[in-house]
Each structure stands twice: as structure tokens, then as C-alpha cells.
Amino acid sequence: MSDTNEPLVRFVDVQKSYDGVTLVVKKFNLDMQKGEFLTMLGPSGSGKTTCLMMLAGFEPATHGEIFLQGQPINNVPPHKRGIGMVFQNYALFPHMTVAENLAFPLQVRNMSKSDTEDRVNKALDMVQLGEFGGRRPAQLSGGQQQRVAVARALVFDPDVVLMDEPLGALDKNLREQMQYEIKHIHENLGITVLYVTHDQSEALTMSNRIAVFDDGVVQQLAPPSTLYEKPENAFVAQFIGENNVLSGNVISIDGDSCHVDVGNNRSVHALKVNVNNVGDTSTLSIRPERVVLNPGSEYNNVFEGKVEELIYLGDHIRTRMVVCDDSDFIVKVPNSGELGQLREGDTVKVGWKMEDCRALD
Amino acid sequence: MSDAPLVTVDGTPLKVSLGRAKRKAKIRALLLVAPLFLFILLTFFIPIMSMLLRSVDNENVAYTLPNTADLLAEWDVDSGDLPDEAVFAALAADFKAATVSKEDDINATKVGTRFNYEKSGFRSMFRKTNKIFEKGGVEPPYKEAFIKINKRWGDADYWRVMQREMRGKTDSYYLAAVDSGYTDDGERAMNKPGKRIYLKLYGRTLGISLLITCICLLLAYPVAYLLSILKSRTSNLLMILVLLPFWTSLLVRTSAWIALLQKEGVINSVLVSIGVIDDANRLLMIHNATGTIIAMVHVLLPFMILPLYSVMKTIPPSYMRAARSLGATPFTAFTKVYMPNTVPGIGAGAILVFILAIGYYITPALVGGQSGTLISNEIARHLETSLNWGLAAALGALLLVAVFALYLVYDKIVGIDNMKLG
Ligand SMILES: Nc1ncnc2c1ncn2[C@@H]1O[C@H](COP(=O)(O)OP(=O)(O)OP(=O)(O)O)[C@@H](O)[C@H]1O
Ligand SMILES: [Mg+2]
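Scoring rules and cut-offs
- Per chain, the residues get numbers from 1 upward, laid out in the order the sequence is written.
- Here chains are named by letter from A upward and ligands by number from 1 upward, in the order in which they appear as written.
- pLDDT decides what is reported in this predicted model: residues at 70 or higher carry local features, side-chain atom pairs at 80 or more are listed and counted, and totals for whole chains, interfaces and linings draw on all residues regardless.
- Calculation of side-chain values draws on the structure's entire complement of heavy atoms; hydrogens and water are dropped beforehand.
- One heavy atom suffices: a residue is near a molecule or strand as soon as one of its heavy atoms comes within 4 Å of it.
- Nitrogen and oxygen atoms within 3.5 Å of one another constitute a polar contact, given that in protein one can donate a hydrogen and the other can accept it, and given that sequence-neighbouring residues count only through two side-chain atoms.
- Values of accessible area rely on a 1.4 Å probe in the Shrake-Rupley scheme; residue burial ignores everything except the protein chains shown.
- For this classification, the nonpolar set comprises Ala, Val, Leu, Ile, Met, Phe, Trp, Tyr, Cys and Pro, the charged set comprises Asp, Glu, Lys and Arg, and every other residue, Gly included, is treated as polar.
- What counts as a disulfide here is a pair of cysteine sulfur atoms lying within 2.5 Å.
- Exposure classes here rest on a 1.4 Å probe applied to the protein chains alone. A residue is buried below 20% of its type maximum, exposed above 50%, and partly exposed in between.
- Every helix listed is a DSSP run of H or I at least four residues long, and every strand listed is a run of E at least two residues long, numbered separately from the N terminus.
- Multiplying one less than the number of residues by 1.5 Å gives the expected span of a helix.
- At any given residue, the bend is defined as the angle formed between two axes, one fitted to the seven residues that end at that position and one fitted to the seven that begin there.
- For the purposes of this section, nonpolar cores are sets of buried Ala, Val, Leu, Ile, Met, Phe, Trp, Tyr and Cys residues that join through side-chain atoms within 4.5 Å.
- By convention in these notes, a salt bridge is any Lys or Arg side-chain nitrogen within 4 Å of a carboxyl oxygen on Asp or Glu.

Asks: Honestly, the site of ligand 1 in this entry has me stumped. Any pointers?
Replies: All names here are of chain A. In the vicinity of ligand 1, the contacting residues are Tyr18, Val24, Ser44, Gly45, Ser46, Gly47, Lys48, Thr49, Thr50, Glu165 and His198. Side-chain polar atom of Tyr18 to a nitrogen atom of ligand 1: 3.4 Å apart, as the coordinates give it. Within the backbone of Gly47, one N or O atom sits 3.0 Å away from an oxygen atom of ligand 1. Considered on its own, ligand 1 offers 630 Å² of accessible surface; in the complex 58% of this is hidden by protein. Of the residues contributing to the shell around ligand 1, the split by class is two nonpolar, seven polar and two charged.

Asks: I tried to follow the state of the cysteines on my own but got confused; where do I start?
Replies: Note: disulfide means a covalent bond formed between the sulfur atoms of two cysteine side chains. A complete count under the given rule lists zero disulfides over all chains for this structure. Note on Cys357 of chain A: no disulfide assigned, nearest cysteine sulfur contributed by Cys258 of chain A at a separation of 8.0 Å. Exposure remark for Cys357 of chain A: the relative accessible area of 0% places this residue in the buried category. The thiol of Cys216 of chain B is not disulfide-bonded; the next cysteine sulfur, from Cys214 of chain B, is found 9.5 Å away.

Asks: Explanation requested: helix α14 (residues 289–313) of chain B in the structure shown.
Replies: The α-helix advances 3.6 residues per turn, and as a result positions three or four apart in sequence lie on the same side. Residues and elements named next belong to chain B. Here α14 is 25 residues long and its end C-alpha atoms lie 35 Å apart, about the 36 Å a rise of 1.5 Å per residue gives. Its axis deflected by about 40 degrees at Leu300, α14 carries its strongest bend there, up to four residues before the proline Pro302. Across the 25 residues that make up α14, a large majority, 18, are buried. Looking at where α14 begins, the residue whose side-chain oxygen comes 3.2 Å from the main-chain nitrogen of Thr290 is Asn288.

Asks: What's the story with the nonpolar core in this structure? I'm lost.
Replies: For soluble globular proteins, the rule of thumb is that nonpolar side chains tend to be buried together. Of all hydrophobic cores here, the largest spans 103 residues; its most connected members are Phe28, Leu55, Phe93 and Leu162 of chain A together with Ile212 and Leu300 of chain B. By residue number, the principal contributor to this core is α14 of chain B, which donates 11 residues. Among the nonpolar cores identified, the runner-up in size contains 29 residues, and Phe88, Leu91, Ile106 and Met162 of chain B belong to it.

Asks: In this structure, what is going on with the pattern of salt bridges? I would like to understand it.
Replies: Pairing of side chains with opposite charge becomes possible as their charged atoms draw close. As enumerated under the stated definition, the model contains 29 salt bridges over all chains in all. With a closest N to O distance of 2.3 Å, Arg209 of chain A and Glu36 of chain A form a salt bridge. Of this pair, Arg209 of chain A sits in strand β9 (residues 209–214) while Glu36 of chain A sits in the loop between β2 (25–32) and β3 (37–41); the two residues are 173 residues apart in sequence, bridging distant segments of the chain. Owing to a relative accessible area of 8%, Glu36 of chain A belongs among the buried residues under this scheme. The closest approach of N and O atoms between Arg147 of chain A and Glu181 of chain A, which form a salt bridge, is 3.6 Å. Placement of Arg147 of chain A in helix α4 (residues 142–154) and of Glu181 of chain A in helix α5 (residues 172–189) is noted, with a sequence separation of 34 residues between them. This pair shows no difference in class: Arg147 of chain A is buried, exactly as Glu181 of chain A is. One connected set of salt bridges, linked through shared partners, spans Arg114, Glu118, Arg164 and Glu165 of chain B.

Below, the structure is given as C-alpha cells:
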């Protein structure tokens, strides 16, 4: 609070091993600002939960320090950390009513009865469960339980709220609704949230910044748009959104751009992101919506594509083609009534700009 | 929607059709439980009922002495006189008939034994009289003849007991089971303080069972907790160890305790040899209440561990973590969150152990000695040695009532639906 530049949560070179043989978290560094909504996104088993558990104090870090408001907390027991947590299975106490569940963190802090009641009611109203205070968790639907879990994690004004795949058990519609609700609560209360999910659209919808996790390492930490527009490596490009991949060798480097040979003497002009030397292998990443048919002269890369499959999706037609020997090359063709012109087996020209094609590792 | 009852496509009312469909399922369910039901009915329920009936049954007396029973009913006990000659004549006729009867149930000596429970002296009185009748009987006047055989026939107190116990049902077994009986004046009263045994024994049985239950709970809770948090491979191994006692005979285990705990046993010898106690003051740990408690805790511990374990297994570790993250100290998290969730297991284990302990027989018989025997041992003694089955049945029935009462109390406090056996 005193120093506004001080990150609220700080991981410094944190490592974690459960068995002494493999590192589950390899070298984790993260600064989280107050009020931020930061999401850890990554495939299953990449160590996201482990990082949360270390921050919450349920798992000791094997190496490295974790700071909360500038204080090292490695030796602070969980109940003194003041971190709210929403568990994937909600972990609502089944023997207490909803109101008792919400009152629990206040009671253990010896808050007076009337204050407790006030806060509990306010929290229930916040998640629109005003009349449900007297019910047992088992008498609530999944979405309602989820809201109670969120309210309980917030009711004692924690510095940080951790959420570990809180929406994982909900169906798609409810999940989307809850995403907005959690986001609104975050915006209205100005709380700091560290969120875990392996659903990328969830991460893109909710977060200020996303840390893409893989193999115990943060691959890229950036706001959603940067992550999508400017992935720094092949894993991030693949993991976030849809992506066309061409691979080849770098044949020349020219300032910010480079040329990559993708076979049969076809050279692609691409943005140099992650390649350093001529001769390196490189993965080129091109978003499907940046590829156009019958490109004009401003397009640096123009190749022939053979249409393999057309999938009608209403606003656009998803077209699978063979481009530069890649038979999974996807192009999203806007539905402007030209449908009749494209048929399976046709050969057309496709093109993309140098800036939209990123040469990654 | 019309008010007409709903019908199926072919016109049968929906309710009838549903009933038919359900009946089939019901019959199948009934057939599935039928063998077990019959087995339990024949081997458990009927014997127990007949045993319970014995606790009030007194038919045999009037069956053996029918004429006496009829006439004696009209005798006025409080007149102070003996019954008149007609009663004695009837008695003579009954004795005569009994000596020639081939029926097992007609046996004057047995009736004497029965009366002897009420007042000592009856047994010898009946046996002697029976012998006389076997040799040919007596001549009238019968009153003098009987008194000549045994002068107790001239004692109105004995006739009072006979009149009372001629009735088909008796409460005297239950009175005896609560250390009471009839005085010579025919009033119900507690026995003299020195002759009260059963109430004390019930008290001891309940007390020791309660203590065993508490010790079992204290020992089992941490073990069950450990089992529930370990990886399944380790916990399976430990579970086998928990169940190991079931693999050896109860007798072997109890004998092992004798070998360990007796005065010259392993524990005492070790304590003496390392100088904790001296040779003259060896600990008395067996053939008393201590022995009963130690051995029975060992026998019953698995019955506490198993339900606790099965309940704890279903409590996700995230409950405790959630409580901690909400600011609860480990202790608060345990008492406010973890423990309440194990109550069904505690209830199931406690009631299981308690009910088993209250009726336990072999272990206290082997290691209980004087101060460690329980009511069940007394019941067994009456069944096997003293052959007073009526009293055994009454003692057993009271035990059953006590268990039911406790069950109701438990239901009130914990709620029986709240119990989880596995
Ligand atoms: N208590 C534990 N003991 C041993 N290994 C563990 C333990 N918890 C997690 N691991 C291992 O650590 C790795 C990372 O687990 P973690 O739970 O952090 O993954 P995650 O990113 O949360 O995955 P998910 O998206 O499936 O929840 C996994 O390989 C897992 O097997
Ligand atoms: Mg996880």
C-alpha cells in the first residue's frame, strides 16, 4: 500500500519438486500488481495448481521466495496469509448453512456478531443469493454453490483471491455467465485475483494479463491481445487461438524480418520474432483470419492453395487447404455471397502479409 | 387437463398399470431377500422370542399340579391358616399322577426347583415328597401325612409362594433380575444390600462398555485419519494390519493377552527386570476389570476404525485447506470443520463397539476374573450351570431394553440417518 510500485505478489525463482526427481515448477517468476486479474493458463499437469498451493501456503516451495506485500511468506502458515481461495470443487462445508459458511472466516477472526451478519448479508447480495442463507450447500445448484464459494473467499477482504479452475464443473452457458459475474465483481471491488484455468477463451475473456504455463515454465506473460497477436513462441501460438503452422529453415535475416524456406524453394517473408541465425529451423505462425484469397499486390506472401474441405459456419466458411505442403492450412473466408465460387478441388491463390506471419523457434 | 383419471393407451387406468409394474419389482425384491429372511426368522428371531417368553413363563407348575392349582386359588392367604384338607388331597393326587406320567413336562422335582428360586427349601421338600409317592404314596388324612414327610408343608409362607407361582405368567424372574423379590408377606421389595448383584453388574457392564468405547474412539481416530490420508498402496497395507486380528481366533488372541499381562507374564517380567517395579509388587493386569478392558479394546478396535475410515475417506482434503485459507488455525479447522464431518463415522463406530461390548462374553469370561465379568457372563452361567433359564431370559431381555433405550437416545442426539457404517 505504502509503495505503489511494490508488486502485491511476487514469485522469485520458485522451484518445486514433489519427489526429488522431477521439477514440477522449474523457474517461476511473477510480479502481480494490486487490483490485477492475472490468469495462469496451461495444459493439465503443467504446475498451475502447484503454484497456487505454494502461494496459499499448502505446499512449501522447494527453492525460491514468495513475497506478499513485500514480505517473504515462505514461513507464514496458511491461516495468517490472508489469502482467499476458491477451490475447484468449491469446498463448501456441508455441515454448515450457506450463511454459516460465509460467517466462518469472520468468526475465526473474532468479528462481532452484528458486523458478521452485515458482511454476510452484503456478500450474499453481491452474488445474488440473498434468500439462500439458510440452505445447506447440498441444496444448491452447481452455479449457486460456485457463487457461495466466491462470496466466502471475498467476505473477509483478503489481499489476494486465488481461484483454481472455479468454473471447471459447470456447463458451458453457466460458465460463460459466471465468467462475467466474476469479472464484474473484480471490477467493482478492485480486488486482486490470481486465476487458474486451462480454458483459453475463459482466460482471454477475464484477464488483465495471462501467464501461459507449460512444463513448469512461464512461456509468455502478457495481456490477452498481445498473447494472441504477438505470441513469442510456438507453444503460445498453438495454445492460444487457432493457428496455421509452416516449418522450414531461415535463409536470410534482414532487420526485423526474415525469409524462411518452407520446402520446394518456396520462401516466406516473415516477421523475425524468435530466430537469430541463418540456417536455424523455424516455425511460422499465421492466424487463419489473416489469410486472404486472391490477394492484392500489398501482400508479400502469395502461394497456391488447393481446397480440400469447406465447412459452412454462417458468418464465415472455414476452408481447409493444402498450402506449401501443409494439408491442415485453415482459411476463414468471410461469407460475402461468394460461396458458389469456391469448390472442393479448386486451386486458388492465398496470401498474407509479412507482419501477420511470425517466425518462431 | 380434464378431471378424468389418466389411462394408458389400451385403456387401463394409469394407477392400476403403474401398480402392476411396481408389483413385479416388489415381488422380485421379496424373492431376493426371502432366503435370508427365512434363515433369520428360524435361527434368530424365533429362538429369541421363545427365549424372551421364558422370562415370564410359568405354565409348567400348573400343568404338573393342575388340581392343586384350581383349589389353591381360592385359599385366602391372609387368613393365617393352612389350606384345608381338600387342597392337600388334590396335591396328593397331583403327585401321584406325576410319578406315573410319562410326559417330560410333568415332573414334580422340577416344580420344586422352580419354587426353590422363590424360597429355598422347596427343592428338598418336593424331592422327598416325590420319593415317598414313587414308593406308593400316603394315606389320608393328607394334611398330617404331608407335614410328616416335611414339616415345611405346614408352613403358610411356603403355601403363599405356591399360590402366587401357580399362575401361568410370573414377574419373579424380572424382579430377580433387578435384585428384587417377594418378601414372606408377599410384598415386592429390593433384596438385602448384601444380596444385590445384577444391578451392580448392569452398572459395571454399561460403565466398562462406555469406557471401552471411549478408549476405542481415542485410539481409532488418529489411525483412521492416517489411513485416510495415505496413498492407497500404503493405506491398504496398514488396513491389512488393522484387520489382522480378525484372522486369528478370538481364543488365541485372548490367550495371548493372558500370556502378556499375567503376574508372571511378559510385561511384568520386563518391568521387573528393568527395575520399574519390584518383584513383590507385580502389576495385576489380568483377571480383573483392567484385563477385560485391555483385551476387549483390542478385539473391538477394528469395528471403530472401519466406519471412521470409510467416512474420513470421503472428506476431501480441500475442506481443511479451505478452512485454513479462511483464517482458521489448524486446531479450529479440525474442530469446526473436520470433526463435524466425521460425526457419522464416530456415531456408527461408537454404537457398534458399544453394543458389541455390552453383550461380550468370551473375553470377559477368560480374562475378567471377579471384577471384570459382565452381565453376559452371568446370563451364560444361568444358562449353563444353574439352569435357571427364566432368569437368564429376563436378564437378557433387560439388556436388550437397555440397548434399545440407548439407541433411542442416540437417535435423538445424533440422528440415526446420520450414521454411516461403510
Ligand atoms: N501432491 C503431489 N504429489 C506428487 N506429485 C504431484 C502432487 N500434486 C501434483 N503433482 C504433480 O505435479 C505436476 C503438476 O501438478 P499440478 O496439479 O500443479 O498441475 P495443474 O497445472 O494444476 O494441472 P490441472 O490443469 O490438471 O489441474 C503433475 O505432474 C502432478 O502429477
Ligand atoms: Mg490443477
